[in-house]
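Structural overview
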Amino acid sequence: PKVHPKSGLYGYWGINKNGNEAFIIKPKFDRAERFVNGHAFVSVNGAWYVIGNDGKALLSTTYSKAYALSNDHYCVRQGDKYGVVDLRSLAEILPVKYDAINILDGKYRLTINGKHGLADKAGKEILPIKYDAISTLGNAYKVAIGDKYGIVDKTNKEISIQLLRKSN
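In what follows, the accompanying structure is described. (Residues numbered from 1 in each chain as written. Predicted model: local features only at pLDDT ≥ 70, side-chain atom pairs only at ≥ 80, totals over all residues. Heavy atoms only, no water.)

For the rest of this paragraph, the subject is the sheet that holds strand β11 (residues 100-104). Pairing is antiparallel in the open sheet, where 4 strands are placed in the order β11-β12-β13-β14. The sheet is open, and its two borders are formed by β11 and β14 (125-131), each paired with just one other strand. When the angles between neighbouring strand axes are averaged without regard to direction, this sheet yields 20 degrees. Bridging between strand β13 (residues 115-119) and β14 involves 3 bridges; their strand directions are antiparallel. Considered in β14, the bridge of H116 is made with Y131. (Pairing = 2+ DSSP bridges. Helix = DSSP H or I, 4+ residues; strand = E, 2+ residues; numbered from the N terminus. Axes fitted to C-alpha atoms, helices over the stretch in contact; angles between N-to-C directions.)

Taken together, 4 strands build an open sheet; the order of strands is β7-β8-β9-β10 and the sheet is antiparallel. Both outer strands of the open sheet, β7 (65-68) and β10 (91-98), are each paired with one neighbouring strand and no more. Across the sheet, the axes of successive neighbouring strands diverge by a mean angle of 20 degrees, strand direction being ignored. The sheet contact formed by β7 and strand β8 (residues 73-78) spans 4 bridges and is antiparallel. Paired with Y67 across the strands is C75, a residue of β8.

We now examine the pattern of salt bridges. Per the stated rule, a full pass over the model turns up 5 salt bridges. D99 is paired through a salt bridge with K81; the nearest N and O atoms lie 2.4 Å apart. One end of the pair, D99, is in the loop between β10 and β11; the other, K81, is in strand β9 (residues 81-86), and 18 residues separate them in sequence. K81 sits in the partly exposed class, given a relative accessible area of 27%. Note that K115 is salt-bridged to D132, the shortest N-O span being 2.5 Å. Within this pair, whereas K115 is found in strand β13, its partner D132 is found in the loop between β14 and β15 (133-137), the two being separated by 17 residues in sequence. D132 sits in the partly exposed class, given a relative accessible area of 29%. Residues participating in the shared-partner salt-bridge network are D72, D86 and R88. (Salt bridge = Lys/Arg side-chain N within 4 Å of Asp/Glu carboxyl O. Buried < 20%, exposed > 50% of the residue type's maximum accessible area, 1.4 Å probe, protein only.)

On the secondary structure map, H116 appears in strand β13. The exposure class of H116 is buried, given its relative accessible area of 14%. A distance of 3.5 Å separates the side chain of H116 from the backbone oxygen of D132, its partner in a polar contact. In contact with H116, not counting residues within four places along its chain, are R109, L110, T111, P128, I129, K130, Y131, D132, A133 and I134. (Polar contact = N/O pair within 3.5 Å; in protein donor to acceptor, adjacent residues only side chain to side chain. Contact = heavy atoms within 4.5 Å.)

Here it is, written out as structure tokens:
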């Protein structure tokens, strides 16, 4: 992406059919992300779209915010809910229904109503959204439900959830 010096709008700069450097996609975006696998996120009047190499929208859905989580995955927002779009398949691998989505140990930590769970990079839920806290602990996850704490191993099985006495 490149900003036009006069309009302040973004377009995409490259080599045109005649072999000259020029805007290949005319500047018409308020913001523009780089292309990944032939797709890019662009913003017009606060709405984010996915476009192809020709500058045309590829998804009928618009988002109020979009930012890269990885080369192929973008976190998207509609209103106050979040989801994840895979730019390779142009599909929402996690629907726009979460209060927050963060990266934890290469997985997606999902939050709804203050409860947390995990999903893998394909969007498959691997830990249900029932924990008050999830953090990494070596080759496992430390989880909390109320005043009970436990360990979830890498096969996503709860090893134990028990009440731990608080120290004074």
